[in-house]
Amino acid sequence: MTRALLWSRGAVSLIFVLALWQAVALSGAVPAKFFPGIPAIIDGARQMIATGELPRNEILTLGRALTGLVLASVAGIALALLSDASPFFDRGFRTISSLLQPVPPAAVVPMAIFALGLGIKLYIFIILLVSIWGPYLNGAAALRAVPREQILTGRMLGLSPAAIMFRIKLPAAMPQIFAGIRYAAAVSLIAVVVAEMLAGRDGIGFLLVRKSFSIRIPETYALMFVTMFNGVLLALLVNLARRVLTGWHVRQTGASK
Amino acid sequence: MIPLRKPADYAPILMPLIVVAIWALAAASTSSPLFPGPAKVAQAIWHNFSTIMVQLGATLTRVVIGFAVAAAITVPLGIMLGRLRIIGQLFEPVMDMLATLPPPAIVPLVMLFAGTGDAAKITMIAFAAAIPLLMNTYEASKTQNEMANLVARSLRLSRFETMLRVDLPAALPMIATGVRMAVAAALLVSVTSEILLATDGIGVFLQRQQENFQIAGGLAGIFFISLTGLVVNTLILAFEKRWLFWHYRAQEDAK
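Residues numbered from 1 in each chain as written. Chains lettered and ligands numbered in written order. Predicted model: local features only at pLDDT ≥ 70, side-chain atom pairs only at ≥ 80, totals over all residues. Heavy atoms only, no water.

(A) Broad picture of the interface of chain A and chain B. Of the residues lining the interface, 47 residues belong to chain A; the matching set on chain B comes to 49 residues. Interface of chain A and chain B: buried area, both sides summed, is about 4,400 Å²; carbon and sulfur atoms make up 84% of it. Looking only at chain A, the three residues that lose the most surface to chain B are F88, M111 and F114 of chain A, adding up to 17% of its buried area. Remark: the boundary between chain A and chain B carries one salt bridge. At the boundary of chain A and chain B, one finds five residue pairs in polar contact (both at pLDDT 80 or more). Put simply, the parts of the chain that give the side of chain A that touches chain B at least two residues each are α1 (2-27), α4 (87-100), α5 (105-116), α9 (161-199), α10 (204-213) and α11 (217-245) of chain A. Counting residues per element, the side of chain A that touches chain B draws most heavily on α4 of chain A, which supplies ten residues. Of the residues belonging to the side of chain A that touches chain B, the class tally is 38 nonpolar, seven polar and two charged. (Contact = heavy atoms within 4.5 Å. Buried area = accessible area lost by both parts, 1.4 Å probe. Salt bridge = Lys/Arg side-chain N within 4 Å of Asp/Glu carboxyl O. Polar contact = N/O pair within 3.5 Å; in protein donor to acceptor, adjacent residues only side chain to side chain. Helix = DSSP H or I, 4+ residues; strand = E, 2+ residues; numbered from the N terminus. Nonpolar A, V, L, I, M, F, W, Y, C, P; charged D, E, K, R; others polar.)

(B) Spotlight on the nonpolar core. Of all hydrophobic cores here, the largest spans 124 residues; its most connected members are W21, F93 and Y221 of chain A together with M124 and I225 of chain B. Here this core takes 20 residues from α9 of chain A, the largest share from any one element. The contacts of M124 of chain B, once residues within four sequence positions are left out, are I106, V107, V110, M111, G115, V189, S193 and L197 of chain B. (Core = buried A, V, L, I, M, F, W, Y, C linked by side-chain atoms within 4.5 Å. Buried < 20%, exposed > 50% of the residue type's maximum accessible area, 1.4 Å probe, protein only.)

(C) Geometry of the UniProt feature "transmembrane region" (unreviewed entry) in chain A. All names here are of chain A. UniProt's feature table lists "transmembrane region" (unreviewed entry) at residues 62-82, 103-130, 180-200 and 220-241, given in the numbering used throughout. Taken end to end, residues 62-82 has its terminal C-alpha atoms 30 Å apart, with 100% of it in helix and 0% in strand. Structurally, residues 220-241 is divided into 100% helix and 0% strand, and its ends, taken at the C-alpha atoms, are 32 Å apart. (UniProt positions renumbered as here; feature names shortened; annotations may be inferred.)

(D) Structural context of the packing of α5 of chain A against helix α9 (residues 215-243) of chain B. Their axes nearest at 10 Å, the elements α5 of chain A and α9 of chain B cross at an angle of 155°. With respect to their mutual orientation, α5 of chain A and α9 of chain B come out roughly antiparallel. The handedness of the crossing between α5 of chain A and α9 of chain B comes out as left-handed. For the pair formed by α5 of chain A and α9 of chain B, the contact residues are A107, V108, M111 and F114 of chain A on the first element and I215, G218, I222 and I225 of chain B on the second. When grouped by side-chain class, the residues that make up the contact of α5 of chain A with α9 of chain B number seven nonpolar, one polar and no charged. (Axes fitted to C-alpha atoms, helices over the stretch in contact; angles between N-to-C directions. Parallel < 35°, antiparallel > 145°, perpendicular 65-115°, else oblique. Left-handed = near helix turned anticlockwise from the far one by under 90°.)

(E) Structural context of helix α5 (residues 118-142) of chain B. Residues and elements named next belong to chain B. Between its terminal C-alpha atoms α5 stretches 35 Å, which fits the 36 Å expected from 25 residues at 1.5 Å a residue. Of all bends in α5, the biggest is about 30°, found at A130, and the proline P132 comes one to four residues later. Judged by how many residues are buried, α5 sits mostly within the fold: 18 of 25 residues are covered. (Expected span 1.5 Å × (residues − 1). Bend = angle between axes of the 7 residues up to and from the residue.)

Encoded structure:
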């Protein structure tokens, strides 16, 4: 019931945005050349689908974002576990992360192309660099915050330190880790698009720059909508993974309401 | 009594040193000009220091102007949208959609309208910074405290006064979060726009270093960008501690 309500609310919002857009376009407040109406944008998208460039690049971009996100999540969780196990690593890595975190992905792309070429390695490196922090920071904080009683219970049951880590602490930290992954999903999409824009070979980001430089305005807007859609899609996928992996938490918090 | 030092206390310095040492060894063993060691990068920093400072200055000037424009528009707008429920709810989906747009995707779009000059770049930066600022201000002012509202009414504050003296301070902690996100987005868009639409700035510097195969110089540039981000983040955190202490104290009490 509530889900249906949520979906219908989303649909109404989408219609409102499209209507608002069309109204602005028709009002002539902005020259139609720079602000095409929805039909023109759909037409632009249809042309790109017909030539095959939109589906081909979309698959590339989504594939890169997903691969990078999965690797960044796994690596982030691994680092968080390491941080929890070793105070030395935890304190030391904090210095390193505070230096790496503010680096904008765009700045790294020109140099990374040298070392990694224009293939999937480049994109994975850039995504790892920017989206590892969500799962890592949330994970480290959540592992630290696991109630002492739960750990002591594990010890009383005769579990080894590794078993306590993987069977008590990690599952307890999972919900908060997923909050970090959701944030990382948005960041990984930003990283892919900007890397594609600057690497200039393929992907939605590259297509966006090429269409705009050749003043294909409806196509540029269509691609902008595609990147927004990708953001929503990736968020949905993360949510799905969260339900599968931490269903107990969703059920528990859902039941308490 | 002197507290006993644990090995972990030295980690913040020791571990970066270990990483640098491994980097130096790896670079020495490959000895390729495309993989410079830390010594080469330090040399490049020394060599390019004045250029980097000038170019970073150009970048940061645009970031500051763009950010200021964005804050001046979005903070009042966000509070107003939060106050005027119906209009706010109407525009919520617009904001949600804009929030999913990767900030660098704005660059080619704004270029269509505004070209490639300074004004265009500042517009792109302002746009990128505006979205997290607007979202956070709006969210904060939407979920305002009922009690504070009643107090404002009993003090017979006008609508404008309420927004200025109740809503704005109450929204500041969340705005501060928005500021951190906005600064990151602004820096990212600034560098992207410079690499794509070259005139000046640290992005252009990085691009030139790449074109001339000066990896060490490029890494030096990246180092200074990261340092800038670190300084800005530290300043924002210090500001939050200094001026928003009441918020954190209230949180402590609530625990």
